[in-house]
Each structure stands twice: as structure tokens, then as C-alpha cells.
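# A closer look at the structure
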Amino acid sequence: MQYKEMFSPELLAKYNVSGPRYTSYPTAVEFSSEFTANDLLNATSNSEHNELSLYVHIPFCHSLCYYCGCNKIVTRHSHKADEYLEALFDEISARTDQFKNHKVTQLHWGGGTPTFLTKEQITRLVEKLKAAFFFAENIEMSIEVDPREIELDLVEHLYAEGFNRISIGVQDIDPKVQQAINREQSTEFITNLVHRAKAVGFTSVNLDLIYGLPHQTPQTFAKTLDAVKVMDPDRISLFSYAHLPSRFASQRKIRDEWLPSAEDKFALLQYSIETLMDFGYEFIGMDHFAKPDDELAIAQRNGTLHRNFQGYTTLGDCDLLGLGVSSISAIGKSFSQNVKTLKEYYQAIESKGDALERGIATTEDDVIRAAVIKDLMCNFSLSKTAIEERFGIQFDEYFADDLLTLNTFIDDGLLVNSAESIVVADKGRLLIRNICMSFDAYLKTKLHQHRFSRVI
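To keep things clear, this report deals only with the structure shown in the data block. For clarity, every value in this text was computed on a predicted model and none was experimentally measured. (Residues numbered from 1 in each chain as written. Predicted model: local features only at pLDDT ≥ 70, side-chain atom pairs only at ≥ 80, totals over all residues. Heavy atoms only, no water.)

### So, the pairing of strand β7 (residues 204–211)
Condition: Type-normalised accessible area, obtained with a 1.4 Å probe on protein chains alone, sets the label of each residue: buried when under 20%, exposed when over 50%, and partly exposed for intermediate values. Helical segments are the DSSP runs of H or I of at least four residues, strand segments are the runs of E of at least two, and each set is numbered from the N terminus. The criterion for strand pairing is that DSSP finds at least two bridges linking the strands in question. We call a crossover right-handed when, viewed with both strands directed away from the observer, the connection leading from the first strand over the helix to the second proceeds clockwise.
Counting buried residues in β7 gives eight out of eight residues, a clear majority hidden from the surface. Alternating positions in β7 separate into two faces, S204, N206, D208 and I210 on one and V205, L207, L209 and Y211 on the other, with burial throughout. As judged from the six bridges shared by strand β6 (residues 165–171) and β7, these two strands associate in the parallel manner. Across the sheet, Q171 pairs through a bridge with L209, a residue of β7. In terms of strand pairing, β7 meets strand β8 (residues 235–240) through six bridges, oriented parallel. Each residue of the ladder has a partner; that of L207, found in β8, is I236. Once the chain exits β7 it traverses helix α8 (residues 218–231) before rejoining the sheet at β8, and the crossover so formed is right-handed.

Okay, structure coming up:
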């Protein structure tokens, strides 16, 4: 790939609109409270999958990062986690029978901060999950880590409990940036943590970075990327900071004048992508990078990469069960989400055993469009023939109106639409969300009714 082809300031500015990230289609804004527990049971019974991915949401954080838009609860009281675990255990027990015929091939803990839990609490939760579900021997177990509130030996404990993948929040190592976002941490400790995890036996280490934060410049961020090179992670997530202070109160502590301009943010993105690719990482898409021998990079080259609420994955043929407050599930032909506040979660678990709040049963049209969007998001191309054979349609006829909206991308050299395929050019990779929006039936009527992050 010629990465320099991706950077046209004019095109990036032209297409820098708000749009979905397509971790699902339909997206979460289409979920409805009309979706019930019986709908989820029906979706499970009719699912074609017998493998299961578990997502467990731990909402607690020791301190508030001002940039964060995640569902979290800031507290220093570890006993609150004990109360949460009791409710979580009840939810797990309520779901056990429903998924007794599934084999768990993937487990991910996110948050919040999963490492807010003590070692004892981590062990209790792992044991509960293993007792409730059938775990595959070669299960992929991953966890998100905040390096500010842990000791190095935590990696040994996590590995002993079965975790083999770890994701560490770095964001930026510059002291001025860290102070502005209220996330001051030791680069030396993070480096030691990464190296310790590899030495213990973790098969994959991911680092999270953010561009567009206050006071960032290509010159200051260069030091962060140099530090990352020394850490030598297997994967890197490079997220765009979405400044939405009207939605996230903590972001009001970040002054607008501290933020890089749109032009400077483009420069940050370009410098970061060029540097990481020069380091030898492959640009997987959206905001993810992986070493060439990483299974994500291999899957993309083979055209078998998938995407879900946790991002890119090689495990596409499985259901996804979300556990905990605000967690999202993708079961059979359905998506669903739990209640978003802790108070509601506790009340729901106590009164009915589950915390389901809303969801959607997908139509055949949803499934077809999801397949198209997935192929484009993951592989930057799709075979019209494969879609036709899979769903029994004539692609150009079925998507006649949608294909007309691709003309602007074709005129700008962002993709090629032939009789057999749609192939995204290198210069269109950063704008893949825009391209996928052409196939989103819901956006045709709701484009301005919901706020998404900007694509760049």
C-alpha cells in the first residue's frame, strides 16, 4: 500500500463529516425498547452459531480522564466492585442455560477500568464465568488495563487466570498533554509492563493512542511514537479524539483553544500513520495497526477479517453476549443492549434477572447490508458475485440507488466500481466510513437526527 496516497487535505476536509463507526449494522441508535427478552431468546434459538464471544463491562475507574466518553463510574472505593460483581454474577447465572449449547472462544473485559478489580475479584469473576459457560481450550482472553493503578506483578496473575491478550491505555506520553487530560502516568512503567507481559507469555499486546488531544503537535507526538517503538507492541489502536462537551461533561474541562485545528489534526494523523507504517506496522483500517505476522494482518490479506463492538477480530462466526451495565450483545439476527446506569442495572437484575433495555431484530435487508459494510470496513473491497451467491440477489439491481451515491467517490478516485467488485483505493482508506454510509438505509432518513463522531 502506498500510504502517501491516503493524504489529500482537500479530500479529507471535503469528507470530514459525522458518521457511524459501524461496529454493527444497524447501529446502536436504531435500537428500540420494543425489543424484549423473548426476542433475545428467539434470536438465540434461531442462531446459526454455536460459538460465543463474551464481553464483560467493568464500569469503575479510580480517576476521571477528561477526554473519555465511555460509560464509567469514578470512585476510590473498591467495595463498590463487590456489590457490582454480585449483580453481575446473577446476570451470568440467568444467561447460563440460554447459552448451554455454545462454546466460548473469546472473552474480553472492557470498561471503565477492568483492572479496577483486585486480584481476588478478578479470580472470582473468571471462576464464575468458567463455571457458567463452556470455555474452549484455546480461548482468546483479553483485558483492558489502566497502567496508573496497578503493580507489575498483575500481569502474572492475569496470565495465571487464562488471559493471553492485553490492551494498555497510553494515549500520549507528553506531560503537558497528560496534565490537560488528567491522565498523568509513567512511560517507564508502561514500557516495563509491556515487556513483562511478553515475558510472562501474553501472545498479543495492544497499545491505545489518541490523536487530536489538547496541546498535541506532530513534534510532541513524535516522542510518543518513539516510545511506542521501544515498547514494541503487536497491535496499536490510534483513535481520534472527538470533542463533544455538550454530551460529555468531563470534556468541558478541556478548553477549545488547547485543541489542534482541523488542519493540525490532519497533520497529526498523517504523521502518525506514516511513522507507524515506517516502523513496520500494517494499517488494518479505521484506527488499527498490526505487525505483518499478527493474525489481524493475516486475516485482512486473506479477506477473512471481521468487525464487532470490540473492533477488528478474526472470530466472525460466533454470537456475542454482553454482560454488565451498558454492554451490547449480537445474538443471531439481533442486537441488544443493557441499561446504562448502575442504579437501573441493580434494579433490573434484582427484579427480573436481566438488564436488557433495548435492541433490534434485524431484517434480511439489514443482514445483506451488514455483509456489504463489513467487507468494505474490514477488507476495503467486496465481491459482488460472493454477495449475490450468498443472498440470492442481483447486486447492481438490489443496490441501484445506493450505487448512484458512489459516483462522488469514483470521481475523486477513492474507489473503483466494476461489474464484479467494489475496490477502495489507497486514498480512500481513511474515508471508508463515508463510503459505507452509502449502503446505510437508515441514514437516508436519519442523517441529521443523531450525532456521530467525525470520520477524521
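### A short note on the environment of D354
Selection criterion: Throughout, a contact is declared for two residues whenever any of their heavy atoms are within 4.5 Å. Definition of a polar contact: a pair of N or O atoms within 3.5 Å, with one able to donate and the other able to accept a hydrogen when the atoms are protein atoms, and with sequence-neighbouring residues admitted only if both atoms are side-chain atoms.
Among the structural elements, D354 can be located in the loop between α11 (342–352) and β16 (356–361). Relative accessible area serves as the criterion here: at 11%, D354 is assigned to the buried category. Put simply, D354 and S93 are 261 residues apart on the chain and 9.7 Å apart in space, counted from C-alpha to C-alpha. When residues no more than four places from it in sequence are discounted, the contact partners of D354 are A37, R95, A348 and I349. Of the polar contacts made by the side chain of D354, one reaches the backbone nitrogen of L356; its length is 3.0 Å.

### Things to note about the pairing of β8
Here β8 runs beside strand β10 (residues 288–290); their pairing, made up of three bridges, is antiparallel. Across the sheet, the residue bridging to R235 is A290, located in β10.

### Some thoughts on the packing of helix α3 (residues 79–96) against helix α4 (residues 119–132)
What counts, and what does not: Where helices are involved, their axes are fitted lines through C-alpha atoms of the stretch in contact, as for all axes, and angles between N-to-C directions lie from 0 to 180°. Orientation is classified from the angle alone, with under 35 degrees giving roughly parallel, over 145 giving roughly antiparallel, 65 to 115 giving roughly perpendicular, and any other angle giving oblique. Polar here means any residue outside two lists: the nonpolar Ala, Val, Leu, Ile, Met, Phe, Trp, Tyr, Cys and Pro, and the charged Asp, Glu, Lys and Arg; Gly therefore counts as polar.
Look at α3 against α4: their axes get within 10 Å of each other, and the N-to-C directions meet at 5°. Relative to α4, α3 is oriented roughly parallel. Residue-level contacts link A81, D82, L85, E86, L88, F89, I92, S93 and T96 of α3 to Q121, R124, L125, K128, L129 and A132 of α4. Of the residues that constitute the contact of α3 with α4, the class distribution is eight nonpolar, three polar and four charged.

### Looking at the environment of Q106
As for its placement among the helices and strands, Q106 is situated in strand β4 (residues 103–111). On the basis of relative accessible area, Q106 is assigned to the buried category, the value being 7%. Every residue in contact with Q106, bar those within four places of it in the chain, is listed here: L52, S53, L54, I139, E140, N308, T313 and L315. For Q106, the side chain forms a polar contact with the side chain of S53, separated by 2.6 Å. A polar contact of 3.4 Å, which involves the side chain of Q106, links it to the side chain of T313.

### Re the sheet that holds strand β18 (residues 415–417)
The pairing of strands in a sheet happens through backbone hydrogen bonds and is either parallel or antiparallel. Spatially, β17-β19-β18 is the arrangement adopted by the three strands of the open sheet, whose pairing is antiparallel. Among the strands making up the open sheet, the edge pair consists of β17 (381–383) and β18. With direction set aside, neighbouring strand axes in the sheet form an average angle of 10°. Bridge count between β17 and strand β19 (residues 421–424): three bridges; the pairing is antiparallel. Residue pairing across strands places L382 opposite I422, the latter belonging to β19.

### A few points about the pattern of salt bridges
To be explicit about the condition: Each salt bridge in this description consists of a side-chain nitrogen of Lys or Arg and a carboxyl oxygen of Asp or Glu lying within 4 Å of one another.
With the rule as written, the count across this model stands at 24 salt bridges. The salt bridge involving K119 is made with D153; its shortest N-O contact spans 3.2 Å. One end of the pair, K119, is in helix α4; the other, D153, is in the loop between β5 (134–145) and α5 (154–160), with 34 residues separating them in the sequence. For K352, the salt bridge is made with D354, and the minimal N-O distance between the two is 3.6 Å. Three or more residues joined by partner-sharing salt bridges are found here, namely E140, R165, R235, D294 and E295.

### Notes on the packing of aromatic side chains
The condition that has to hold: Centres within 6.5 Å make a pair out of two Phe, Tyr or Trp rings, where for Trp the six-membered ring is used; the pair is then stacked when the planes are under 30 degrees apart, edge-to-face when over 60, and tilted otherwise.
Taken as a whole and judged by the stated rule, the model has 15 aromatic pairs. Plain terms: the ring middles of F60 and Y84 are 5.6 Å apart, the flat faces sit at 90° to each other, and that makes the pair edge-to-face. With F60 in strand β2 (residues 60–61) and Y84 in helix α3, this pair connects stretches of sequence that are 24 residues apart. Taking relative accessible area as the criterion, Y84 reaches 0% and is therefore assigned buried. Each ring, one from Y398 and one from F399, has its centre 4.9 Å from the other, and the planes form 70°; the classification is edge-to-face. Here the aromatic cluster, defined as three or more aromatic residues joined through ring pairs, consists of F60, Y84, F116, Y345 and Y346.

### Details of the layout of surface pockets
Here is the rule: Lining residues are those with an atom within 4 Å of a point, where the points come from a 1 Å grid over the protein atoms alone and group into cavities, where a 1.4 Å probe fits but cannot get out, or pockets, open sets with protein on both sides within 12 Å along at least five of seven lines. Grid points are joined across faces, edges and corners, and a volume is the space filled by probe spheres set on the points.
Approximately 1100 Å³ is the volume found for the second largest pocket. Of all the elements in the fold, those that place two or more residues in the lining of the second largest pocket are α2 (37–45), β11 (306–308), β13 (319–323), β15 (334–338), α12 (364–379) and α13 (384–391). Ranked by residues supplied to the lining of the second largest pocket, first place goes to α12 with eight residues. The residue inventory of the lining of the second largest pocket, partitioned by class, reads 15 nonpolar, 14 polar and nine charged.

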